[in-house]
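As a plain string of letters, each chain reads:
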Amino acid sequence: MTAARPWPLILALLLQGGVYLAWLTQGRFVLATLLVFVAPPLLLALSALGRWRHARYLSSVAALGWFSHGVMRAWTDRPDNAPAWAALLLALLIIALASGRSARARLASRRKPTAH
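All values derive from a computational prediction rather than experimental measurement.

Trainee: Requested: an account of the overall build of the chain, with residues and values cited.
Mentor: Within the chain one finds 4 helices and 0 strands. Along the chain, helices (α) and strands (β) appear in the sequence α-α-α-α when read from the amino end. Taking 116 residues into account, the globule formula puts the C-alpha radius of gyration at 13 Å, and the chain, at 17 Å, lies well above it. Projecting the C-alpha coordinates of the chain onto the three principal axes gives extents of approximately 65 × 35 × 15 Å. Nonlocal contacts in the chain, meaning residues at least 24 apart in sequence, comprise 72% of its contacts between residues at least 6 apart. Only carbon and sulfur atoms are counted for the fraction: they give 69% of the accessible area of the chain, which is about 7800 Å².

Trainee: Residues and numbers for the environment of Thr76, please.
Mentor: Relative to the helices and strands, Thr76 is located in helix H3 (residues 55–76). Among the polar contacts made by the side chain of Thr76, one reaches the main-chain carbonyl oxygen of Met72 at a distance of 2.8 Å.

Trainee: Lay out a nonpolar patch on the surface with the relevant residues and their values.
Mentor: A cluster of nonpolar residues, Trp7, Leu43, Leu46 and Leu49, forms a patch on the protein surface that exposes about 430 Å² of accessible area. Relative to the assigned elements, Leu49 resides in helix H2 (residues 30–49). The class of Leu49 is partly exposed, set by a relative accessible area of 30%.

Trainee: Hey, could you go over unusual backbone geometry for me, with residue numbers and the actual values?
Mentor: One non-glycine residue, Arg51, lies in positive phi territory at about 60°. Looking at the element boundaries, Arg51 is found in the loop between H2 and H3. Look at Arg51 and you get partly exposed, because its relative accessible area is 39%.

Rules and cut-offs
Residues numbered from 1 in each chain as written. Predicted model: local features only at pLDDT ≥ 70, side-chain atom pairs only at ≥ 80, totals over all residues. Heavy atoms only, no water. Helix = DSSP H or I, 4+ residues; strand = E, 2+ residues; numbered from the N terminus. Rg over C-alpha atoms; globule rule 2.2 N^0.38 Å. Contact = heavy atoms within 4.5 Å. Areas by Shrake-Rupley, 256 points an atom, 1.4 Å probe, with all protein chains shown as cover. Polar contact = N/O pair within 3.5 Å; in protein donor to acceptor, adjacent residues only side chain to side chain. Patch = residues over 30% accessible without salt bridge, like charges linked within 9 Å, V, L, I, M, F, W, Y side chains within 5 Å. Salt bridge = Lys/Arg side-chain N within 4 Å of Asp/Glu carboxyl O. Buried < 20%, exposed > 50% of the residue type's maximum accessible area, 1.4 Å probe, protein only.

These figures come from the coordinates and say nothing about function on their own.
Listed below in structure tokens is the structure:
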């Protein structure tokens, strides 16, 4: 039996790529922005869609970088920090969605102590 596709994670990754596409492609370094910020969440969404077994893990690792970038930009770019906050919150959502299944499994596998 194959695992179900993680649709919420796929949607969050697509949204993350969309936020970066709308936000950071207005500057001088469009190609670099596409390669560094837009392509990774889109490729990870495709890998999760294809049920690649490392997609969740790599999504959560990449989201740590997106979270750090969002924090940095949210606190330094005061006039236009709404996209930074969106990227930051999406990164937290991606981390939660990517690691939720394994955290539930880890907690369920703990044995409850028995009374003697």
